[in-house]
Amino acid sequence: MRVLRELTRRPSALFGLIVVVLVLLAAIFAPWIAHFSPDDQLADGLSLEGAPLPPGGDHLFGTDTLGRDLFARVLFGARTSLIIGLVANGVAVAIGLLVGLLAGYLRGAAGNLLMRFTDLMMAFPALLLAIALAALLRPSLWIVAMVIALVNWVQVARIVYTETRGLVERDFIVAERSLGAGNGRIILLHILPHLMPTAIVWGTLGIATTVLLEATLSFLGIGVQPPQPSWGNIIFESQSYFQDAPWLVFIPGAIILATALSFNLIGDALRDILDPTQRGRL
Amino acid sequence: MAFFLARRLVQAVLILLGVAAITFLLLYFLPADPAVLIAGRSATPQMVAAIRHELGLDQPLVMQFLHYVGNLLHGDLGRSYTQKTEVLPLILARLPATLILMAAGIVLEVALGLTFGIIAAVRRGGFVDRSVMMLSFVGVSSPQFVVALLLLYVFAATLGWFPMSGFGTARHVVLPALTLGVLGAGWYARMVRSAMIEVLRQDYVRTAHAKGLSGRRVVLGHALPNALLPIIAMVGIDIGQFMSGVVVVEAVYGWPGIGQLAWQAIQQVDVPIIMGVTLVSALAIVLGNLLADFVAPFVDPRIRSQ
């Protein structure tokens, strides 16, 4: 609660919160908000010449090249983007926590091996890898989510590792161990709670990265497959018409930007609030 | 110092081998079968088997990998499945275009980042500072392809100042470099700002002020050199990230670099080219990090003496 109050006191974080809540509501209530189905190729959705309709009138955001209502597609696209954002990023943070915690706690040969593996993953051209995997694996929503998780866990692992290393040396852990606490108890009850702020901050910042990565993959045509709308593939489908129908590219583009920006702003504010030592840095 | 650098070199080679191994494994287990794709739709199973044999795909995984690494050590990246030529010359032919783009993008990032980062640090809390902090967030939150399309829409389609796509003249470089430079500049500005704030607090800076030096000389002559280290590290990281991220920009602008080569290869399941480009990108990441290690001693005498 304290965190939420502090968040609302910062103008930029408040802006982020409002946008995120709006996007969440849009995703949840999409069928009730939209007047049209996102897949309906409306009879009056194209002009007499067969061109998509610009924003205004019945269609708030206009229609796309197949005469579908863009507003409805963007609303339903929010579902896809948020599901991937939450699932992919949740998995990435979970893997990162597990690897970082184990490596930091075990140290020794096993810990070293885990961290060398993480170093190796850092040297991996992540976007290239994601593109290659997504393209070759017959993309679907879940494949895209897993590919993103696979390339995004590394950074979390490194940060958790550094923090765990610091924690293990601290007196209260040493004291706990000398009282006879087992490894499981120490990790779950004493180390994990201390890592929660980091997990929350990176969990939030990571959603921004994930939403952008999903949009990029979908824009290349290897993310979520049409007709299921996602913000990226709406742009993918109409990118060659961007001169005649710019709204088809720039409305979803602006929404991707606003969403990613909002998660970044909230994440940044959370880092300030939860970790005072980082305040004012970067 | 020399020992440290030598160890870093050995690590770099090991990391590259590791990347090669993992990429190889991933591509090996993919459901897409290159032999089927090359043979075409009307091929008989015999033809597919023959192609598989010709490419060495019928051998056990370990043999294939050892064979690949053996060739790699001789500088041989294998032959492309679809283009029927060696992979290395293909990559080398595309590399200059990507390097030009990378150089232009990074120069732009550093120039913008230094300028605005320094102003923000000196005028901490002021209008420029707050704008830079906000805009840098917008930069990292922007989908690259949307910005690329926006620049195309405004400066190429509407105003007609720059060509829509292609390669060859200086005018072709501007929009792709702007896409990369403007979006990345935010991070540099933040980095420069926080490094400069740290340095400007120090006693020797106050001494310089007290000696009566002009504000400009204190900031640029005395403070900036000590804030350069993180920026060099960042350029190193950037070089690596760049190679991996260039696919999108090259796709939008029709820029004939290795990003486009990779993108075509991915669509055709041309595994040797995908492997080759991945390795070149990993090499860029490793070299970028090494660059930071090797340049740092020249910038900071304290590191040299260790």
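A brief structural summary.

A few words on the interface of chain A and chain B. Frequently, the measure chosen for interface size is the accessible area removed from exposure when the parts meet. The interface of chain A with chain B comprises 38 residues on the first partner and 46 residues on the second. Carbon and sulfur atoms make up 84% of the area that chain A and chain B hide from each other, which totals about 3800 Å². The interface formed by chain A and chain B contains zero salt bridges. Here chain A and chain B share one residue pair in polar contact (both at pLDDT 80 or more) between them. Sorting the residues of the side of chain A that touches chain B by element identifies helix H5 (108-122), helix H6 (126-136), helix H9 (183-219) and helix H11 (247-274) of chain A as the ones contributing at least two each. In terms of residue count, H11 of chain A provides more of the side of chain A that touches chain B than any other element does, 10 residues in total.

All names here are of chain A. As a packed pair, H6 and helix H7 (residues 141-168) sit with axes 10 Å apart at the nearest point and diverge in direction by 160 degrees. Of the possible angle classes, the one that applies to H6 and H7 is roughly antiparallel. Viewed along their axes, H6 and H7 form a crossing whose handedness is right-handed. Across the interface between the two elements, Ala 126, Leu 129, Ala 130, Leu 133 and Ala 134 from H6 touch Val 147, Leu 150 and Val 151 from H7.

A full pass over the atoms with the stated rule returns six aromatic pairs over all chains. Between Phe 29 of chain A and Trp 32 of chain A, the ring centres sit 6.2 Å apart and the planes meet at 65 degrees, which makes this aromatic pair edge-to-face. Look at Phe 24 of chain B and Phe 65 of chain B: their rings are 5.2 Å apart centre to centre, the planes differ by 65 degrees, and that puts the pair in the edge-to-face class. One end of the pair, Phe 24 of chain B, is in helix H1 (residues 2-28); the other, Phe 65 of chain B, is in helix H4 (residues 61-73), with 41 residues separating them in the sequence. By relative accessible area, Phe 65 of chain B is classed as partly exposed at 21%. Here a set of aromatic residues connected by ring pairs shows up, and it is made of Phe 24, Phe 65 and Tyr 68 of chain B. We note Arg 190 of chain B situated over the ring of Phe 137 of chain B; from NZ or CZ to the ring centre the distance is 4.1 Å.

Here we come to the pattern of salt bridges. Residue and element names in this part refer to chain A. Summed over all chains, the structure comprises 10 salt bridges over all chains. A salt bridge links Glu 237 to Arg 73; the nearest nitrogen and oxygen atoms lie 3.5 Å apart. Of the two residues, Glu 237 sits in helix H10 (residues 231-238) while Arg 73 sits in helix H4 (residues 70-106), which places them 164 residues apart along the sequence. When its relative accessible area of 25% is taken as the criterion, Glu 237 is described as partly exposed.

Each value, and the rule that gives it
- Residues numbered from 1 in each chain as written.
- Chains lettered and ligands numbered in written order.
- Predicted model: local features only at pLDDT ≥ 70, side-chain atom pairs only at ≥ 80, totals over all residues.
- Heavy atoms only, no water.
- Contact = heavy atoms within 4.5 Å.
- Buried area = accessible area lost by both parts, 1.4 Å probe.
- Salt bridge = Lys/Arg side-chain N within 4 Å of Asp/Glu carboxyl O.
- Polar contact = N/O pair within 3.5 Å; in protein donor to acceptor, adjacent residues only side chain to side chain.
- Helix = DSSP H or I, 4+ residues; strand = E, 2+ residues; numbered from the N terminus.
- Axes fitted to C-alpha atoms, helices over the stretch in contact; angles between N-to-C directions.
- Parallel < 35°, antiparallel > 145°, perpendicular 65-115°, else oblique.
- Left-handed = near helix turned anticlockwise from the far one by under 90°.
- Phe/Tyr/Trp six-rings, centres within 6.5 Å; stacked < 30°, edge-to-face > 60°.
- Buried < 20%, exposed > 50% of the residue type's maximum accessible area, 1.4 Å probe, protein only.
- Lys NZ or Arg CZ within 6 Å of the ring centre and 35° of its normal.

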